[in-house]
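Here's the letter readout for the chains.
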Amino acid sequence: MSTVETPRSPYARTKPSGTNWEKWGWMYMRASGVVLVVLIFGHLFVNMVAGEGVRGIDFAFVAGKWASPFWQVWDLLMLWLALIHGANGMRTIINDYSSSPALGKVLRFAVFASAAVLIVLGTLVIFTFDPCPSVSPEQFDLLPSFCPPQ
Amino acid sequence: MSAVTAPRSEKKPRPGGTLYRGYTGMWSWVLHRITGVAIFFFLLVHILDTALVRVSPEAYNAIMSSYKTPLMGLGEIALVGAIVFHALNGLRIILVDFWSKGVKYQRAMFWVVLGLWVVLMAGFLPRQIINIVLEVNGQ
Ligand code: HEM
Ligand code: HEM
């Protein structure tokens, strides 16, 4: 039998130590959400409503946008904010429903790994994009009109 | 001191209706969850299809032409509907959390979300429906 030293003392919460990640995740969901409304609504308006809408999207359309640093930064922010927001939201949902800790671990790893891979891929795509790549002659008319003749 | 008044009851009061259980509070949460997951999976695919601009103009235009078929056109309506709801309801969640009157007006704000959703979708649908019709006619 163990003796309780001070049986009447109230339960003391151990003082939380270190960063409260759960709180910062909660803050991030809200802060990124406010910025994402602007970025995504702008993205959808320019791509889906203005001009011809989705029928106007092709390589030349993307080249026209990414020739400007404005849309490069826009898409870069949208890429990072949305994927981290989405992955953290998926983590919440996995924590709510996964039946075993091991399954939760596997699912959380899958979500964050795919988000990380796509953040790297999307960032590389934006920064290595060439609006006027050298192409075979039959593809030349797919390039934007501002490309010099090849 | 302000007295605690009884919460405004729904038309047919049943036990259990709180901010998150039953009624609009729960359904907005369910919809927010489902739309969040749907957008996440769309985004994974969307970054892969956009990455084809680095393969060749031909490859990118080929994947984009599959986004222009009538069936995908309907899918895009569902996607835009989901993201518009998630965005507007997300702002409502933020107001519930940070605005001193947020909890009091959470239900009213839900109807505002639905109203704005209808307005924004009405702004998007004409362009999209014209495009779907043009595709169906092969134009
Ligand atoms: C059906 C609706 C959509 C269409 C037709 C579309 C189209 C496009 C196009 C043409 C690009 C190339 C660059 C540009 O135009 O800025 C792009 C990039 C991008 N889109 Fe969308 N988009 C749609 C919905 C969305 C949504 C809902 C999100 C956010 C959740 C999103 C996030 C992104 C991101 C992050 C990039 C940059 C990708 C990268 O860095 O490689 N898009 N989209
Ligand atoms: C358009 C602007 C957006 C706003 C204003 C917004 C806002 C929010 C807010 C406030 C939450 C609640 C977090 C919590 O309860 O702690 C949330 C959850 C979530 N969001 Fe977003 N979000 C946006 C875009 C996105 C995008 C682009 C994705 C996907 C890539 C996404 C996926 C999710 C997921 C999966 C959750 C978790 C849902 C849950 O726990 O039930 N959201 N969002």
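Here's a quick rundown of the structure. Just so you know, these numbers come straight off a predicted model, no measurement behind them.

Thresholds, definitions, all that
- Residues numbered from 1 in each chain as written.
- Chains lettered and ligands numbered in written order.
- Predicted model: local features only at pLDDT ≥ 70, side-chain atom pairs only at ≥ 80, totals over all residues.
- Heavy atoms only, no water.
- Disulfide = S-S within 2.5 Å.
- Helix = DSSP H or I, 4+ residues; strand = E, 2+ residues; numbered from the N terminus.
- Buried < 20%, exposed > 50% of the residue type's maximum accessible area, 1.4 Å probe, protein only.
- Salt bridge = Lys/Arg side-chain N within 4 Å of Asp/Glu carboxyl O.
- Donors = N, O, S within 2.8 Å, 3.2 Å for Na, K, Ca; no water.
- Tetrahedral: all angles 85-135°; square planar, octahedral: opposite > 155°, others 65-115°.

**As for the state of the cysteines**
By definition, a disulfide is the covalent link that joins the sulfur atoms of two cysteine residues. Residue and element names in this part refer to chain A. Inspection of every chain in the model, using the stated rule, returns one disulfide over all chains. The disulfide partner of Cys 132 is Cys 147, and the gap between their sulfur atoms is 2.0 Å. With the S-S dihedral at roughly -85°, the linkage between Cys 132 and Cys 147 falls on the left-handed side. Linking Cys 132 in the segment after helix H4 (101–128) with Cys 147 in the segment after H4, this pair joins segments that are 15 residues apart in sequence. By relative accessible area, Cys 132 is classed as partly exposed at 23%.

**Regarding the pattern of salt bridges**
All chains considered together, the criterion is met by four salt bridges over all chains. Its salt-bridge partner being Arg 91 of chain A, residue Glu 22 of chain A comes within 3.0 Å of it at the nearest N-O pair. Here Glu 22 of chain A, found in helix H1 (residues 21–49), pairs with Arg 91 of chain A, found in helix H3 (residues 69–97); they are 69 residues apart in sequence, far enough to count as distant. The salt bridge involving Asp 96 of chain A is made with Arg 33 of chain B; its shortest N-O contact spans 2.6 Å. Of the two residues, Asp 96 of chain A sits in helix H3 while Arg 33 of chain B sits in helix H1 (residues 23–51), which places them in two different chains.

**Some points on the coordination of the iron atom of ligand 2**
Summarising the metal site, the iron atom of ligand 2 is bound by the protein donors His 85 of chain A (NE2) and His 86 of chain B (NE2), whose distances to it range over 2.0 to 2.1 Å. One can describe the site at the iron atom of ligand 2 as octahedral: its six donor atoms subtend angles covering 85 to 179° at the metal. Highlighted residues: His 85 of chain A in helix H3 and His 86 of chain B in helix H3 (residues 70–98), drawn from two different chains. On the basis of relative accessible area, His 85 of chain A is assigned to the buried category, the value being 15%. A relative accessible area of 15% means that His 86 of chain B is categorised as buried.

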